[in-house]
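Residue-level listing of the chains:
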Amino acid sequence: MLTAVFQEKVLSTIHYSREELISLRKKSLPFLCPHCLSPLTLRIGNQKIPHFAHHPQSHCKIGKQHESPRHLLSKQLLYDRLKLHFKEVKVEHYIKNLQQVADVYVKTELKKIAVEIQCSTIPISDIISRTQGYQREDITPLWILTQPVKKKGNLQLPSFQQAFIRYSPQLHYFLLHFSPEERSFQLFTHLIPVSASAFISAAPVRVPIEEFTLPLSIPHTIVNFPYLLKNWKQFRMKWIYNKLHYSRAKDDLFLREVYQEGDTFLYLPLFVGIPVLPHGLQFKNHAVEWQYYIWKDCMKKELFFSEERVVEVIKKRIDRGYLKLRPLPLAGVGEILIEIAKSYLTLLEDMQVVNRLKNGDFQLSVPWMCPDNFSGFERHQHDFFPKWKHILKKV
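Quick summary incoming for the structure in this document. (Residues numbered from 1 in each chain as written. Predicted model: local features only at pLDDT ≥ 70, side-chain atom pairs only at ≥ 80, totals over all residues. Heavy atoms only, no water.)

### Quick word on the sheet that holds strand β11 (residues 154–156)
The strand order across the open sheet built from four strands is β10-β11-β16-β15, with neighbouring strands paired in antiparallel fashion. Looking at which strands have only one partner, the edges of the open sheet turn out to be β10 (150–152) and β15 (192–193). Strand direction decides the pairing type here: β10 and β11, joined by three bridges, are antiparallel. Residue pairing in the sheet places K150 in a bridge with Q156 of β11. (Pairing = 2+ DSSP bridges. Helix = DSSP H or I, 4+ residues; strand = E, 2+ residues; numbered from the N terminus.)

### Quick word on the packing of helix α6 (residues 253–260) against helix α7 (residues 287–299)
One can describe the packing of α6 onto α7 by two numbers: an axis separation of 11 Å at closest approach and a directional angle of 40°. For the pair α6 and α7, the sense of crossing is left-handed. In this structure, α6 uses L253, F254, E257 and V258 to contact α7, whose residues at the interface are V288, E289, Y292, Y293 and K296. For the contact of α6 with α7, the class distribution of residues is six nonpolar, no polar and three charged. (Axes fitted to C-alpha atoms, helices over the stretch in contact; angles between N-to-C directions. Left-handed = near helix turned anticlockwise from the far one by under 90°. Contact = heavy atoms within 4.5 Å. Nonpolar A, V, L, I, M, F, W, Y, C, P; charged D, E, K, R; others polar.)

### Focus: the pattern of salt bridges
Pairing of side chains with opposite charge becomes possible as their charged atoms draw close. Within the structure shown, the criterion is met by 18 salt bridges. Here E92 makes a salt bridge to K75, at a shortest N to O gap of 2.6 Å. With E92 in strand β6 (residues 88–95) and K75 in helix α2 (residues 69–83), the pair connects residues that are 17 residues apart, well separated along the chain. Residues E92 and K75 agree in their burial class; the two are buried. Between K300 and D263 there is a salt bridge, with the nearest N and O atoms lying 3.3 Å from each other. Of this pair, K300 sits in the loop between α7 and α8 (307–319) while D263 sits in the loop between α6 and α7; the two residues are 37 residues apart in sequence, bridging distant segments of the chain. (Salt bridge = Lys/Arg side-chain N within 4 Å of Asp/Glu carboxyl O. Buried < 20%, exposed > 50% of the residue type's maximum accessible area, 1.4 Å probe, protein only.)

And the structure:
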């Protein structure tokens, strides 16, 4: 904790030098928790920034939340930065109606903002419930991830870190990450999934703490945009080979459906598994899976089909447990399945796989065909990739 009650006033360590804090501690007057009023210990060491700690036997709910040096430093840096721009900024602001503490709280003429700094893994349901609580109090939550993220070629994000993915029309799906040790943010934009936990992204944008503002403002011109979709085929094939190598058909719902349908998994047409931008990221399943279900349940069987029919197929597969959406509580995108269906059908139309009729419905340009040997798949590739290159030029 960075705040305590001292001589009937709220005191924060970030407003004092180490020497001043040592002088206060020598007065032998009690520091009290602002929430439970139990005694606190003022710690002034070399590892962490000065802070207050509850005694081990304390039962204070707030006090049980042990904070790392990274968390304490993040609070101080963000408070110092925001204090330069806003008159009313508080650190560790207690919101009575919610019985929770905002790491940094900002009140402007137009809105109230609660900055939540997340260094440790918590249940995603907690992020959702806290976000909803803030919104009920007319407070805008800003969640900031400070856990280290892995970037080795692709961006590797476990499910918890994926929960911090946001969406904007300009940046598409993006992740904002704060590194207090480096005093800067990193912005990973235009995320495209290549597996359940790996993502292609545009070159990360570094935002020094000295340039951080609320709301976050990133000039579009500095985003190194172009997707690495030239490697899409390799990512797709790697996923297919891993599926074949590590999954057993009798135990895998998807493989079982492919084989029962008589299709060859290794030679599925390349327009099953194409990246659907930007909203295809919402599926936790690989694009091969959710697009194959659309083909099997709808396009392969029905002479004419609509966007609404595609959405209906997706919903049924979700309800039956074959498809799962990523939990993205901060993305704030509505009617997502409609957007996905519309984008996929537009891609297929551009590649002349389907035709759009005058009434808005669709039909296949040619019957569904899954090659059953390598030479047939080679002919399919030869026909597909010139059309795909044309699509890439438009991205």
